[in-house]
Amino acid sequence: MAKLMMALKTGGSRNALISVSRPSDYVRDVFWEVFVTGAAQKFIWFPDFILFFPLRRSGNYWTEIYASDTLELQPETVRAIAVPFTIESEFERIIVSDRGYESPAVDNQGEGSYQLLFEARYLTVDEANRLNGFDWYTSEISKGSQMSAPELIRLTFIPTADLLEPQILRAEAGFNPPQTLSLNHSYQEPPRRTDIPFVLSAHITPETLEFIYIFEQTLQEFYQIERPHARICRGSAFGDPEDPIWAEVIDIPSVFPFAISIKRDETITLGLVAWGRFGQIHHVIWQLEHTSEEGFSWNTYNCGMIRCDAEDLQQLLLLLKEKAKIHFQPRS
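Computed from a predicted model, the values in this text were never measured in an experiment.

### Some words on the overall build of the protein
Next, step 1: Within the protein, the secondary structure is distributed over 5 helices and 17 strands.
Next, step 2: For the protein, the proportion of its 332 residues judged to be buried stands at 51%.
Next, step 3: Considering only intrachain contacts with a sequence separation of at least 6, the fraction spanning at least 24 residues in the protein is 69%.
Next, step 4: Summing over all exposed atoms, the protein offers an accessible surface of approximately 16,400 Å²; the carbon and sulfur share of this is 50%.

### Structural notes on the pattern of salt bridges
Side chains that differ in charge, positive against negative, can pair when their charged atoms come close.
Next, step 1: Following the criterion strictly, the structure yields 5 salt bridges and no others.
Next, step 2: E172 is the salt-bridge partner of R79, the closest N and O atoms lying 2.4 Å from each other. Placement of the pair is R79 in strand β6 (residues 79–87) and E172 in the loop between β11 (167–170) and α4 (206–223), with a sequence separation of 93 residues.
Next, step 3: A relative accessible area of 1% means that R79 is categorised as buried.
Next, step 4: Notably, a salt bridge pairs K325 with E322, separated by 3.4 Å at the nearest N-O pair. Here K325 and its partner E322 are both found in helix α5 (residues 310–328), 3 residues apart, which amounts to about one turn of the helix.

### What about the sheet that holds strand β9 (residues 112–122)?
Next, step 1: Ordered in space as β1-β5-β10-β9-β6-β11, the 6 strands form an open sheet in which the pairing is mixed. Strands with a single pairing partner mark the edges of an open sheet, and in this sheet they are β1 (3–11) and β11. Averaged over all neighbouring strand pairs, the angle between strand axes comes to 25°, with direction disregarded.
Next, step 2: Relative to strand β5 (residues 60–67), β1 runs antiparallel, the two sharing 8 bridges. Bridge assignment links G11 to a residue of β5, and that residue is N60.

### Describing α4
Next, step 1: If you check α4, its first and last C-alpha atoms are 26 Å apart, about what 18 residues at 1.5 Å a residue would give, namely 26 Å.
Next, step 2: Residues of α4 that are buried: T208, L209, F211, I212, I214, F215, E216, T218, L219 and Y223.

### Topic: the nonpolar core
Next, step 1: In terms of nonpolar packing, the biggest core is built from 39 residues, with V20, F52, I65, F85, L116, L155 and F157 touching the most fellow members.
Next, step 2: Per-element tally for this core: the top contributor is β9, with 5 residues.
Next, step 3: Apart from the residues within four sequence positions on either side, V20 is in contact with D48, F49, I50, F52, F85, I94, I95, V96, L116, L155 and F157.

### Quick notes on the packing of α4 against α5
Next, step 1: Remark: α4 packs on α5, axes separated minimally by 10 Å, with the N-to-C direction vectors making an angle of 140°. Between α4 and α5, the crossing angle belongs to the class labelled oblique. Crossing hand, α4 versus α5: right-handed. Between α4 and α5, the residues in contact are E207, T208, E210, F211, I214, F215, T218, L219, E221, F222 and Y223 and D312, L313, Q315, L316, L319, L320, K323, A324, H327 and F328, respectively.
Next, step 2: For the contact of α4 with α5, the residue count by class is 12 nonpolar, 4 polar and 5 charged.

### Considering α5
Next, step 1: End to end, α5 covers 26 Å across 19 residues, agreeing with the expected 27 Å (1.5 Å per residue, within 8%).
Next, step 2: Buried residues of α5: A310, L313, Q314, L316, L317, L320, A324, H327 and F328, and no others. Axial view of α5: buried residues confined to an arc of 160°, hence all on one face. Of the residues in α5, the exposed ones pointing more than 90 degrees away from the buried face are E311 and K325.

### Describing the packing of aromatic side chains
Next, step 1: Counting across every chain of the model gives 9 aromatic pairs.
Next, step 2: Pairing F222 with Y223 gives two aromatic rings, centres 5.1 Å apart and planes at 80°, and the pair type is edge-to-face.
Next, step 3: For F222, a relative accessible area of 25% corresponds to the partly exposed category.
Next, step 4: Here the aromatic cluster, defined as three or more aromatic residues joined through ring pairs, consists of F85, Y114 and F157.
Next, step 5: Against the face of F175 rests R79, its NZ or CZ located 5.3 Å from the ring centre.
Next, step 6: Here R154 stacks its cationic end above the ring of Y66, 3.7 Å away from the centre of that ring.

Rules behind the numbers
- Residues numbered from 1 in each chain as written.
- Predicted model: local features only at pLDDT ≥ 70, side-chain atom pairs only at ≥ 80, totals over all residues.
- Heavy atoms only, no water.
- Helix = DSSP H or I, 4+ residues; strand = E, 2+ residues; numbered from the N terminus.
- Buried < 20%, exposed > 50% of the residue type's maximum accessible area, 1.4 Å probe, protein only.
- Contact = heavy atoms within 4.5 Å.
- Areas by Shrake-Rupley, 256 points an atom, 1.4 Å probe, with all protein chains shown as cover.
- Salt bridge = Lys/Arg side-chain N within 4 Å of Asp/Glu carboxyl O.
- Pairing = 2+ DSSP bridges.
- Axes fitted to C-alpha atoms, helices over the stretch in contact; angles between N-to-C directions.
- Expected span 1.5 Å × (residues − 1).
- Core = buried A, V, L, I, M, F, W, Y, C linked by side-chain atoms within 4.5 Å.
- Parallel < 35°, antiparallel > 145°, perpendicular 65-115°, else oblique.
- Left-handed = near helix turned anticlockwise from the far one by under 90°.
- Nonpolar A, V, L, I, M, F, W, Y, C, P; charged D, E, K, R; others polar.
- Arc of directions from axis to C-beta.
- Phe/Tyr/Trp six-rings, centres within 6.5 Å; stacked < 30°, edge-to-face > 60°.
- Lys NZ or Arg CZ within 6 Å of the ring centre and 35° of its normal.

Below is the structure:
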């Protein structure tokens, strides 16, 4: 029978994930490629910490932590995932929170190997009203959609003789996990500056990284300023997630920040994105593209977002496209 060890409110902001970790400096900083994989399988696993994706990521979670000798799913569970977990010392602190921030430590179950079972479902109105901080969820709100409900997260530590492979034990409609689930056995700090020789993705070539420097030099000439630094970011701002790289510029006087995207096919796009948690792209605010067939194209959810310096950006885009064409052409 499962024994309840702790119950607490987690989340508190949209897109908050559920973190189970040993104290770690990097639990809050997961970069793009790893995040994309995690979003597909609904968890991110590192030896020191695990992030679980709740059902709707609304930020309203009541989390219960159990210890049990056996793995047993609750009948109402919508999503269930089991992953390996190791407690290395009986004195080790285990933290459960939304992003690894300090929280009351879970009772240590003893050194050894465990299966960590994650279960998620939506709370009913009656359940929510019995919990501190969830009385805002009323029958009137629930009539709109079950998706407005806060979530119950249930974490269960189950001792095992060996570290078992991760498993998706139950999946809701629309969740189609990959056949092979991914575990990350080491952590690498993502780069913050273009002068750090670090490859974010297997798709990125040295020529792509070199083009960032050309981008910086072009901005210097175009805006007649000292050379700005284009910060390499965690993935592609525009297009498919596997497209290799994008960089943002925020330090050009009198010019509102914008980003450049460089795809595997050397396509160049300018634009601006809104950030989500953990460095992932929340949504594209605007993007400017150019093709020989269609000319300039502004893609934005709001026509008012087309910038007052649109003509300057169009000229800059054409200049960068010409430099890209020359830079990426086959070399003899």
